[in-house]
Amino acid sequence: MKLLKNAFLAGFFASCGSVFAKFSSSFESEESSFASWNIFIYVSFMTLMILCNSTGLFFFTKSLHDVDNTVVATLASTVSNYINSGVMGILFFNETLSWYWFIGCSFAVIGILFTASEETQQNRDKNK
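None of the values given here were measured: they were computed from a predicted structure. (Residues numbered from 1 in each chain as written. Predicted model: local features only at pLDDT ≥ 70, side-chain atom pairs only at ≥ 80, totals over all residues. Heavy atoms only, no water.)

### A closer look at the pattern of salt bridges
Our working rule: Each reported salt bridge corresponds to a side-chain nitrogen of Lys or Arg within 4 Å of a carboxyl oxygen of Asp or Glu. In this description a helix means any DSSP run of H or I spanning at least four residues, a strand means any run of E spanning at least two, and both kinds are numbered starting from the N terminus.
Inspection of every chain in the model, using the stated rule, returns one salt bridge. Here Glu95 and Lys22 are joined by a salt bridge, their closest N and O atoms 2.5 Å apart. In this pair, Glu95 is assigned in the loop between helix H3 (70-93) and helix H4 (99-127) and Lys22 in helix H1 (residues 5-28), connecting sequence segments 73 residues apart.

### Let's talk about a nonpolar patch on the surface
Selection criterion: Patch definition: residues above 30% relative accessible area lacking any salt bridge, with like charges linked at up to 9 Å and the nonpolar side chains Val, Leu, Ile, Met, Phe, Trp and Tyr linked at up to 5 Å. Residue-level accessible areas treat just the shown protein chains as cover; the underlying method is Shrake-Rupley with a 1.4 Å probe.
Among the surface-exposed residues, Trp99, Phe102, Ile103, Phe107, Ile110 and Phe114 lie close enough to one another that they form a single nonpolar patch of about 740 Å² accessible area. Considering the arrangement of structural elements, one finds Phe102 in helix H4.

### Focus on the packing of aromatic side chains
Let me state the cut-off plainly: By convention, a stacked pair of Phe, Tyr or Trp rings (six-membered ring in the case of Trp) has centres within 6.5 Å and planes under 30 degrees apart, an edge-to-face pair has planes over 60 apart, and any other such pair is tilted.
Going through the model one piece at a time under the given rule, you end up with ten aromatic pairs. Here the aromatic rings of Phe13 and Phe59 are separated by 5.7 Å at their centres, their planes lie at 10°, and the arrangement is stacked. Of this pair, Phe13 sits in helix H1 while Phe59 sits in helix H2 (residues 35-66); the two residues are 46 residues apart in sequence, bridging distant segments of the chain. A ring pair is formed by Phe92 and Phe93, whose centres lie 6.5 Å apart and whose planes are at 65°; its orientation type is edge-to-face. Counting every residue linked through ring pairs, the aromatic cluster contains Phe20, Phe23, Phe45, Phe92 and Phe93.

### Some words on the side chain of Ser63
In plain terms, the rule: Classification of residues uses two cut-offs on accessible area relative to the type maximum, computed with a 1.4 Å probe and protein chains only: under 20% is buried, over 50% is exposed, and between them is partly exposed. In what follows, a contact means two residues having at least one pair of non-hydrogen atoms within 4.5 Å.
Mapped onto the elements, Ser63 comes out in helix H2. Given the relative accessible area of 0%, Ser63 is considered buried. In this structure, Ser63 is in contact with Asn6, Ala7 and Ala73, ignoring residues within four places of it in sequence.

Structure representation (structure tokens):
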């Protein structure tokens with residue numbers, strides 16, 4: 001599980017990129033006398049989105065190199081993205097999450113635990 005740190009960081013930065021994209025869309029449609037400020041804020045959030053997504057891709061690529069089975073890195077990144085997106089949605093946008101979200105996220109976490117434990121077992125058998 002120590003090797004999955006980069007995958008979890010990739011998911012975190014991917015969800016941050018989504019938050020910045022959502023923030024930028026809220027400034028895109030507003031009309032006011034401060035149109036130049038709206039453009040500046042919009043461009044700033046879009047730049048932050050691109051930076052976060054690029055950083056997420058960097059960590060995801062590193063996580064693919066860390067593990068023998070790329071499925072584990074992909075699942076860990078996806079689960080991290082789901083969880084962080086849910087938490088950030090609650091914190092920044094007052095979103096409510098349904099029980100379906102919690103059930104689906106729980107299945108994803110269980111899946112990553114099974115897959116990661118399977119890979120660990122295969123690595124132990126290989127080292128014997």
